[in-house]
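# Working through the structure, step by step
Each chain is listed here by its residues.
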Amino acid sequence: MAHQHSFSRDARLPGLPLGEQRMSRRTILRKLAGLTLAGGSITSFATSCGFRTNASSVSQVLASHTPTPTTLKTLLYAYRGHLQPVRSIAWSPDGTRLASGSNDGTARVWDAANGGHVYTYRGHQGRVNAVAWSPDGKRIVSANQGFTAQVWDAANGGHAYTYRGHSDHVNAVMWSPDGKRIVTGSDDRTIQVWDAANGGYDYTYRGHSDAVLAVTWSPDSKRIVSGGGNFDIGGGDTTVQIWDAANGGHVYIYHGHSKPVWAVAWSPDGTRIASGSSDKTVQVWLTA
């Protein structure tokens with residue numbers, strides 16, 4: 001559908017005398033763009049074009065080419081401190097802080113109100129692949145390339161303990177909604193659950209034939225879902241698997257993806273799971 005205030009075929013502006021409106025479309029559009037970006041007035045636009053007219057006609061044309069405020073986005077602030085790419089980020093439960101993990105081997109906490117740096121946690125060896133907050137916001141767990149996951153104080157960065165159950169890079173970590181346990185997924189093809197209070201080992205789930213790239217809990221903390229794949233070959237184990245968080249028992253395998261599964265998310269009501277893959281799809285399916 002043509003716009004109500006579009007240019008005529010000879011680049012005339014509607015409502016202006018023929019002798020005062022001839023100019024190229026390119027010239028008119030350039031002036032419109034310049035006016036829009038510079039915040040100029042209708043009068044200055046008309047004057048610069050050599051028009052002798054009232055502002056209402058030009059106003060109609062401007063209205064048809066000026067972006068509305070709802071289409072514009074505003075950057076609040078940028079967190080600057082990491083020396084290498086940022087691989088993971090997580091909001092605190094109360095939304096007042098952000099935690100980030102980077103290839104530079106550090107995890108950092110930032111003030112979400114103003115972007116100010118709070119502190120840097122330097123306990124890892126190698127890149128930090130994932131970060132997650134405890135449900136009460138008092139602690140953070142971070143997983144790294146050095147085969148460990150570490151828990152530390154979210155208020156001051158003090159180290160609480162290190163979990164050393166894996167034999168290869170730890171790719172994913174998540175705190176249970178009830179705050180009692182932590183789950184990790186690793187290149188060693190295992191998913192491990194351990195005590196969030198002291199790092200004590202609970203059990204290992206062995207079901208993936210390639211690296212475990214993603215893990216998360218059901219809202220009731222009773223089940224865990226994991227996604228796998230071999231990112232070196234772009235295939236391998238491309239399953240999503242569900243298992244019992246109480247004893248590690250296998251519940252279900254979903255075979256819908258054709259490439260590695262990098263992300264999994266349980267719906268708030270616990271009835272569905274969404275999974276994202278290198279096959280460029282997000283798939284949603286029932287949990288039972």
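Remember, predicted model here, so these are calculated numbers, not experimental data.

## Considerations on the overall build of the protein
Within the protein, the regular secondary structure consists of three helices and 19 strands. Across the 288 residues of the protein, 45% fall into the buried class. Sequence-distant contacts in the protein: of pairs separated by 6 or more residues, those separated by 24 or more amount to 39%. With the model as given, the accessible surface of the protein reaches about 14900 Å², and the carbon-plus-sulfur share is 52%.

## Remarks on the sheet that holds strand S15 (residues 240-244)
In space, the four strands of this open sheet follow the order S13-S14-S15-S16, with antiparallel pairing throughout. A single partner strand is all that each edge strand has here, and the edge strands are strand S13 (212-217) and strand S16 (250-254). With strand direction ignored, the average angle separating the axes of adjacent strands in the sheet is 20°. As judged from the four bridges shared by S15 and S16, these two strands associate in the antiparallel manner. Across the sheet, the residue bridging to glutamine 241 is isoleucine 253, located in S16.

## A word on the sheet that holds strand S6 (residues 139-144)
Overall, antiparallel pairing links the four strands, which are arranged S5-S6-S7-S8 in an open sheet. What marks the edges here is a single partner per strand, and that holds for strand S5 (128-133) and strand S8 (159-163). When strand polarity is set aside, the average angle formed by the axes of neighbouring strands in this sheet is 20°. Note: S5 against S6, five bridges, orientation antiparallel.

## Looking at the packing of aromatic side chains
Under the defined criterion, the tally for this structure stands at ten aromatic pairs. Measuring from ring centre to ring centre gives 6.1 Å for tyrosine 252 and tryptophan 285, while their planes differ by 40°; the resulting arrangement is tilted. Here tryptophan 285 lies in strand S19 (residues 282-286) and tyrosine 252 lies in strand S16, a separation of 33 residues in the sequence. Residue tryptophan 285 is classed as buried on the basis of its relative accessible area of 7%. In textbook terms, an aromatic cluster arises when at least three aromatic residues are bridged by ring pairs, as seen for Tyr77, Tyr79 and Trp110.

Calculation notes
- Residues numbered from 1 in each chain as written.
- Predicted model: local features only at pLDDT ≥ 70, side-chain atom pairs only at ≥ 80, totals over all residues.
- Heavy atoms only, no water.
- Helix = DSSP H or I, 4+ residues; strand = E, 2+ residues; numbered from the N terminus.
- Buried < 20%, exposed > 50% of the residue type's maximum accessible area, 1.4 Å probe, protein only.
- Contact = heavy atoms within 4.5 Å.
- Areas by Shrake-Rupley, 256 points an atom, 1.4 Å probe, with all protein chains shown as cover.
- Pairing = 2+ DSSP bridges.
- Axes fitted to C-alpha atoms, helices over the stretch in contact; angles between N-to-C directions.
- Phe/Tyr/Trp six-rings, centres within 6.5 Å; stacked < 30°, edge-to-face > 60°.

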